[in-house]
Amino acid sequence: MGNAALDPGALSVKNHAMLAYIIKRIVQSVIVLLVVGLVAFAMFRFVGDPIDNILGQERTQADIERLRVELGLDQPFVVQYWNFLARAAQGDLGVSYRQSRPVVEILLERAPATLELAAVSGAMAIIFGIMLGIFTAIRRDGFAANTIMTISLIGVSLPTFLIGVLLIYFFSVGMQFTLFGQTISTDLGLPSFGRGETVKIGGWSTGFLTESGLKALILPAITLGLYQMTLIMRLVRSEMLEVLRQDYIRFARARGLRERAVNFRHALKNTLVPVITITGLQLGSIIAFAIITETVFQWPGVGLLFINSIQTVDIPVMAAYLMLISVMFVAINLVVDLLYFAIDPRLRVDRTARGH
Amino acid sequence: MSNTVLSIRNLVVDIPTRHAVLRPVDNVSYDIAAGEILGVVGESGAGKSMAGNAVIGLLNRPAHISGGEIWLNGNRIDNLPREKLRRLRGKDMGMVFQDPLTSLNPLLRIGDQLTETMLTHLDISRSEAEKRAVAALEEVGIPAAAERVNSYPHEFSGGMRQRVVIALALCAEPSLIIADEPTTALDVSVQAQIIALLKRLCRQRGTAVMLITHDMGVIAEACDRVAVMYAGRLAELGPVREVIQNPRHPYTDGLMGSTPLASKGQKRLRQIPGSMPRLGRLPAGCAFNPRCPKAQDACRIDPPPTMEDGRAACLYPIEIEKKVPA
Ligand SMILES: Nc1ncnc2c1ncn2[C@@H]1O[C@H](COP(=O)(O)OP(=O)(O)O)[C@@H](O)[C@H]1O
Ligand SMILES: [Mg+2]
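Being a predicted model, the structure only gives us computed values, none of them experimental.

A. The packing of helix α5 (residues 103-138) of chain A against helix α11 (residues 302-311) of chain A, seen in detail. All names here are of chain A. Packing of α5 against α11 brings their axes to within 7 Å, and their N-to-C directions diverge by 130°. Classified by the interaxial angle, the pair formed by α5 and α11 is oblique. From α5, Ile106, Leu107, Arg110, Ala111 and Thr114 reach across to α11, where they touch Val302, Gly303, Leu304, Leu305 and Asn308.

Structural data, given as structure tokens:
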């Protein structure tokens, strides 16, 4: 069973398999990016007329011809696509119709807001997700654990925008009720709109350094992180339950180790090996999910930029956002996949079922 | 017996299910003395592991002890609170499982697994525990133990890992070891070595051993006495030589026949016809009666006599004279 890893023949076969796997994954990634690029380009080229978009109503036939050549619209489709990709690879994503500024410039300006929000929600999701996952696994049949699991099911199925709206309703607008003759308000005075005050450090505008900036982060971060948190919690729980069934946990108990040592020294370590990789993947999607949260809270990040660009049919911004997100997803996917493959043969526990 | 380490009295283990209460261990009693190796043998599903797990307090829910008593070194342990029982595990009784490949935590160095066990139970310093860890590995025959303490489990072969497991089970010097099929998952070539190691260590330290196996060869090799289990009940109990040479329960006789024993010089294996009934489908009377060549009407009605008077729980035990070849 486990001796295969010690056999040098098996090892070289494994290396070949791994190389083939890496190449296959990279080729797949490139294909995905080419297709997304094609969609983005097609939007550019065929959704509305770029010349209409740029020149507006007042124009001469000469203007139109000049711009057509300038934009390369007179060239064959494939050549146009190739040029589009080449420019994108060099960081030239075109000029926003609406703001008449390079799209890259706008994206860089908006990125800190989204990244800070994603970082806070990601950290929250990981910390609380892992803690609650461990708790619900250890206290598998307890009342508290069952309650948390039930609530988490609701958390997973509630749409993000509804969570955001509910949070605003409770903690920003505030709800009042009377309990034992006392009026209690749930209003915590938390902002429901924008980033608060920000401080500029270099090209980066941060909300971490002001009180209003930190307060403004709370509700959007919860909204964005809640779903990931429940996901991580459920993942940690099921992995942990699986690990707790393993022989080495039984053997640790048979040696009379304290429950704490069994749970945290022996079980948690083994739980985190698969959890880390899958969690990494989940965090990538936080940035994509940020669109909804940013809209609900009018958070001035790239997600809100994208929504606004749809409303104003700002095709270059839409296309750039689409490509940015897909590059990010493909990159994270690739890294996580390779990580998993690299970790797998040595660290993965042999999970074949135990005999009688 | 004077220096009894483990004493099991009328042990009953129940598993409540939706339809019925299953009884994987039914009224089992035996003792093990210091330095003695008791073999527990029987087909798969006979309840051997359940009995062992009940002793060490590691029955998986919903299985639980529902009757009888377990005494360890003169103290009753079957009704101890969880935390008290945990302190006995590892310190007063240890366990070795079947599969050494999965018994060790893959992410912890074996030295750390040894020291954490000792530090849990013994009042010694960390550096003393580290010293003893090396000594414990040397004692079970791990070469270059001083370096190997820093290795991870996957760097050892199966046989070597079972040696590490034995070192772990013995490192706090318990007076009882329960070894649940310790060689079943190993290559045939190393099985005998592991059994010999277990035997040597226990003789040296005067440790009592419950050696669970379905292999009569292992019993003949290592044990002083043998308990034969069938469908949760004890069929026969006695000194190994007597039981092997003159089995009195027809099931034991059948078990011998289906094991190639060099000492008996048999050429062909006899098989016991049929298979062990599942729990909850046990026949009335003696559980072995449908497969028994000697079953009489009474065997299908009356439960077999309890083990207290004779060696075999059988209404019509095999006469000793009949076994002597003409
Ligand atoms: N959770 C369970 N539910 C029902 N029956 C079980 C359960 N666990 C074990 N058993 C039964 O208990 C009996 C004894 O099992 P075990 O002690 O492992 O046998 P052995 O170790 O002798 O092979 C078997 O018949 C098995 O099917
Ligand atoms: Mg068993």
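Having seen the model, we can carry on.
B. Main features of the pattern of salt bridges. Scanning the model with the defined rule gives 25 salt bridges over all chains in all. Across the salt bridge formed by Arg255 of chain A and Glu116 of chain B, the nearest N and O atoms sit 3.8 Å from each other. One end of the pair, Arg255 of chain A, is in the loop between α9 (247-254) and α10 (259-296); the other, Glu116 of chain B, is in helix α4 (residues 110-121), on a second chain. An identical accessibility class is assigned to Arg255 of chain A and Glu116 of chain B; each is buried.

C. Broad picture of the site of ligand 1. Around ligand 1 there are 13 residues in total, and Gly45, Gly47, Lys48, Ser49 and Met50 of chain B lie nearest to it. Those chains with residues close to ligand 1 are chains A and B. Take Ala46 of chain B: an N or O atom from its main chain is 3.1 Å from an oxygen atom of ligand 1. At 2.6 Å, a side-chain N or O of Ser49 of chain B approaches an oxygen atom of ligand 1. Alone, ligand 1 offers 570 Å² of accessible surface; in the complex the protein occludes 67% of this. For the shell around ligand 1, the elements supplying multiple residues, two or more each, are β2 (21-33) and α1 (48-56) of chain B. Per-element tally for the shell around ligand 1: the top contributor is α1 of chain B, with three residues. Within the shell around ligand 1, the residues separate by chemical class into six nonpolar, five polar and two charged.

D. Layout of the sheet that holds β2 of chain B. All names here are of chain B. The antiparallel open sheet is built from four strands, whose spatial order is β2-β1-β4-β5. Edge positions in the sheet fall to β2 and β5 (75-76), since each has one partner strand and no second. Relative to strand β4 (residues 64-72), strand β1 (residues 4-16) runs antiparallel, the two being bridged by seven bridges. Each bridged residue has a counterpart across the sheet, and for Val13 the counterpart in β4 is Ile65.

E. Seen up close, the nonpolar core. Grouped together as the largest cluster of nonpolar side chains are 102 residues, with contacts concentrated most on Tyr30, Leu176, Met210 and Leu211 of chain B. Among the elements that line this core, the one with the most residues is helix α7 (residues 158-170) of chain B, at seven residues. Within the second largest apolar cluster, 35 residues are counted, among which are Phe44, Ile287, Ala290 and Tyr321 of chain A.

F. How the structure looks around unusual backbone geometry. All names here are of chain B. A cis geometry characterises the amide bond from Arg61 onward to Pro62, with omega recorded as 5°. Along the chain, Pro62 turns up in the loop between α1 and β4. At Asn10, a position not held by glycine, the phi torsion is positive, near 50°. Turning to its location among the elements, Asn10 is positioned in strand β1. A relative accessible area of 34% means that Asn10 is categorised as partly exposed.

The rules behind the values
- Residues numbered from 1 in each chain as written.
- Chains lettered and ligands numbered in written order.
- Predicted model: local features only at pLDDT ≥ 70, side-chain atom pairs only at ≥ 80, totals over all residues.
- Heavy atoms only, no water.
- Axes fitted to C-alpha atoms, helices over the stretch in contact; angles between N-to-C directions.
- Helix = DSSP H or I, 4+ residues; strand = E, 2+ residues; numbered from the N terminus.
- Parallel < 35°, antiparallel > 145°, perpendicular 65-115°, else oblique.
- Contact = heavy atoms within 4.5 Å.
- Salt bridge = Lys/Arg side-chain N within 4 Å of Asp/Glu carboxyl O.
- Buried < 20%, exposed > 50% of the residue type's maximum accessible area, 1.4 Å probe, protein only.
- Near = heavy atom within 4 Å.
- Polar contact = N/O pair within 3.5 Å; in protein donor to acceptor, adjacent residues only side chain to side chain.
- Areas by Shrake-Rupley, 256 points an atom, 1.4 Å probe, with all protein chains shown as cover.
- Nonpolar A, V, L, I, M, F, W, Y, C, P; charged D, E, K, R; others polar.
- Pairing = 2+ DSSP bridges.
- Core = buried A, V, L, I, M, F, W, Y, C linked by side-chain atoms within 4.5 Å.

So, to be careful, I would describe these as geometric facts and stop short of saying anything about function.
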